[in-house]
Amino acid sequence: MNRMPYIRDFAASLTLGPKTFKRGPALRYVKTAYGGLDFVCGGNSVVFRAVDSEDRAVAVKCYRDVNTRRREVYEWLESERTSEWGESGRFFAGGLLLCNDCEVREVDVLVAPWIEGVTLDRCAAELCASGDAEGLAALTEEFDRLGAWLLRQEWAHGDLKPENIIVGDQGLQLIDFDAAYVPTVTAPRIETGTAGYSHPRRTIDMDNRHLDDWAVARISVALHALVADPERGVDSVFPWSDEIFVHGGEPWIRLCELFVSCGDARAVRMCEMLTGGFPELAFLGEVLAERRTICSVEGAIFRGGVGWGVKDSNGTLIEPPVWDEIIHRNSHFYGLLREKMFLIM
């Protein structure tokens, strides 16, 4: 088979079950109203919807190309059970026999949980359209928790973007780990992520646990911008032009002023980071650290990598170190940001 496989080639082989998918699980494939298999087509793969023996919905991803790195990545992710924010799935190298044009070819297949929901950008758009400011703020806080978690891992997603983050009943879930970095990988990288969510200077030679730093900060800043000004619209921030993060440029200045006006010190610090660090955004994890929702006024002011924060008497974080200065006055803490004062607690 010299040509690239067609969708009908995959569908025909999958419906033969154990005859062609010998190492895969027993599955029932979902059909459309027209009788064909339900699928979604991507650039280098076709994803079919199916149900396993325990009636759980799964995605069967059939690859058009051969990539040895992909096998290394998924085998490591499966062994490490990195499933707090999404399951990578089980990879079957050469698992499906594809028959056509008098040839037989082995193709790689990934079987992963089917995640019901909408993409992060679509969810944000729906919240903006409905005027749900509280829901938009909650979505932003949850993404910041996801971003902080990712930054603590020894691996990286590699293609973090709103389309690869599904918002469903289980909250945010990552999908599509094809471009991930894992510490044991030996095969060379062949992609650089998606334009608009990868650093402009990223190359295939960049391959480490900091691949997601830029994307985490960029998506977070976009969500914070929508919280500050929902009327600006999702299309204006997903994705942004790289030019907005030119330090000192007019668009960058206006964005910082927006965050200063509402006392969003976290977003200001990330805007500053996006103009400089590469590949690692130093102290980004510290900036995204989760605030305590209930705390005592008893606390100690401390200096972090890019600003000032507050910890309680046990050393537990109350406010991330993102402020220009913090003042304790009349049993309250106030944060200073570009000469403006905001009540922290």
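Residues numbered from 1 in each chain as written. Predicted model: local features only at pLDDT ≥ 70, side-chain atom pairs only at ≥ 80, totals over all residues. Heavy atoms only, no water.

**Remarks on the side chain of S220**
Here's step 1: Tracing the backbone through its elements, the reader meets S220 in helix 5 (residues 213–228).
Here's step 2: According to the relative accessible area criterion, S220 is buried, its value standing at 0%.
Here's step 3: Contacts of S220, omitting those with residues within four sequence positions, involve F143, D144, M270 and L288. (Helix = DSSP H or I, 4+ residues; strand = E, 2+ residues; numbered from the N terminus. Buried < 20%, exposed > 50% of the residue type's maximum accessible area, 1.4 Å probe, protein only. Contact = heavy atoms within 4.5 Å.)

**Digging into helix 2 (residues 68–80)**
Here's step 1: For helix 2, with 13 residues, the first-to-last C-alpha span of 19 Å sits near the 18 Å given by 1.5 Å per residue.
Here's step 2: Along helix 2, the residues that are buried comprise R69, R70, V73, Y74, W76 and L77. Down the axis of helix 2, the smallest arc covering the buried residues is 160°, so these residues share one side. When the buried face of helix 2 is taken as reference, the exposed residues oriented beyond 90 degrees from it are T68 and S79.
Here's step 3: With a side-chain oxygen positioned 2.9 Å from the backbone nitrogen of R69, the residue opening helix 2 is N67. (Expected span 1.5 Å × (residues − 1). Arc of directions from axis to C-beta. Polar contact = N/O pair within 3.5 Å; in protein donor to acceptor, adjacent residues only side chain to side chain.)

**Quick look at unusual backbone geometry**
Here's step 1: Here F238 and P239 are connected by a cis peptide whose omega angle stands at -15°.
Here's step 2: Along the chain, P239 falls in the loop between helix 5 and helix 6 (250–261).
Here's step 3: We note that N330 has phi near 50°; this positive angle belongs to a residue other than glycine.
Here's step 4: You can see N330 is positioned in the loop between strand 13 (325–329) and strand 14 (332–337).
Here's step 5: In the Ramachandran plot, R338 falls in the positive-phi region, its phi being about 50° despite a non-glycine side chain.
Here's step 6: With respect to the secondary-structure elements, R338 resides in the loop between strand 14 and strand 15 (340–343).
Here's step 7: Using a relative accessible area of 36% as the deciding quantity, one classes R338 as partly exposed.

**Comments concerning the sheet that holds strand 12 (residues 317–323)**
Here's step 1: Pairing within the open sheet is antiparallel, and its three strands lie in the order 10-11-12. Looking along the sheet, the strands with just one partner apiece sit at the ends: strand 10 (300–303) and strand 12. Averaged over all pairs of adjacent strands, the angle between their axes in this sheet comes to 25°, without regard to strand direction.
Here's step 2: Here strand 10 runs beside strand 11 (residues 308–311); their pairing, made up of four bridges, is antiparallel. The residue bridging I301 from the neighbouring strand is V310, located in strand 11. (Pairing = 2+ DSSP bridges. Axes fitted to C-alpha atoms, helices over the stretch in contact; angles between N-to-C directions.)

These results come straight from atomic positions and should not be treated as a statement about function.
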